[in-house]
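Next come the chains, spelled out residue by residue.
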Amino acid sequence: QVQLVGSGGGLVQAGGSLRLSCAASGRALSWYTMGWFRQAPGKEREFAAAITWNAGRTYYAESVKGRFTISRDNGKNTMYLEMNNLKPDDTAVYYCAADPRESYSVGYYYDSNNYDYWGQGTQVTVSS
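Residues numbered from 1 in each chain as written. Predicted model: local features only at pLDDT ≥ 70, side-chain atom pairs only at ≥ 80, totals over all residues. Heavy atoms only, no water.

Let's shift gears to the state of the cysteines. Tallied over the full model, the rule gives one disulfide. Two residues share a disulfide in this structure: Cys22 and Cys96, whose sulfurs sit 2.3 Å from each other. The disulfide joining Cys22 to Cys96 has a torsion of about 65 degrees about its S-S bond and is therefore right-handed. Taken together, the residues Cys22 in strand 3 (residues 18-25) and Cys96 in strand 9 (residues 92-99) connect sequence positions 74 residues apart. The buried category is assigned to Cys22, whose relative accessible area is 0%. (Disulfide = S-S within 2.5 Å. Helix = DSSP H or I, 4+ residues; strand = E, 2+ residues; numbered from the N terminus. Buried < 20%, exposed > 50% of the residue type's maximum accessible area, 1.4 Å probe, protein only.)

What follows is the structure in structure tokens.
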């Protein structure tokens, strides 16, 4: 069975930083692609960032580009999201996700419906 455990959320002031972690277990093929999505109160879940198995390709939402950095350590079966210069609009529950498939379509990685496995979510709150 594939399991994902997200952690690292917390309360920070605007301009601060946090690093989220997502530990994965199960079939390696099930997490060829890993990503982060976030959901703010009253809003739909939205894409933040994604990364492929060998880190050859990364993808970012325009709202986080230049501030967030996604990475993964395949030896530790762990994915990270380094979040810098946080803004109040970044406040949300952050979910890590995994997908066993590979796609050459950029839009594929932005759609939460394309991910098969999800972590429990970790709360990030940014105060002004």
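This is not the end of the story, as more comes after the structure.
To continue, consider the pattern of salt bridges. The final tally for this structure, using the stated rule, is six salt bridges. For Glu46, the salt bridge is made with Arg38, and the minimal N-O distance between the two is 2.8 Å. A relative accessible area of 5% places Arg38 in the buried class. The shortest N-O distance in the salt bridge between Lys65 and Glu62 comes to 2.7 Å. Connected through salt bridges with shared partners, the residues Arg38, Glu46, Arg67 and Asp90 form a single ionic network. (Salt bridge = Lys/Arg side-chain N within 4 Å of Asp/Glu carboxyl O.)

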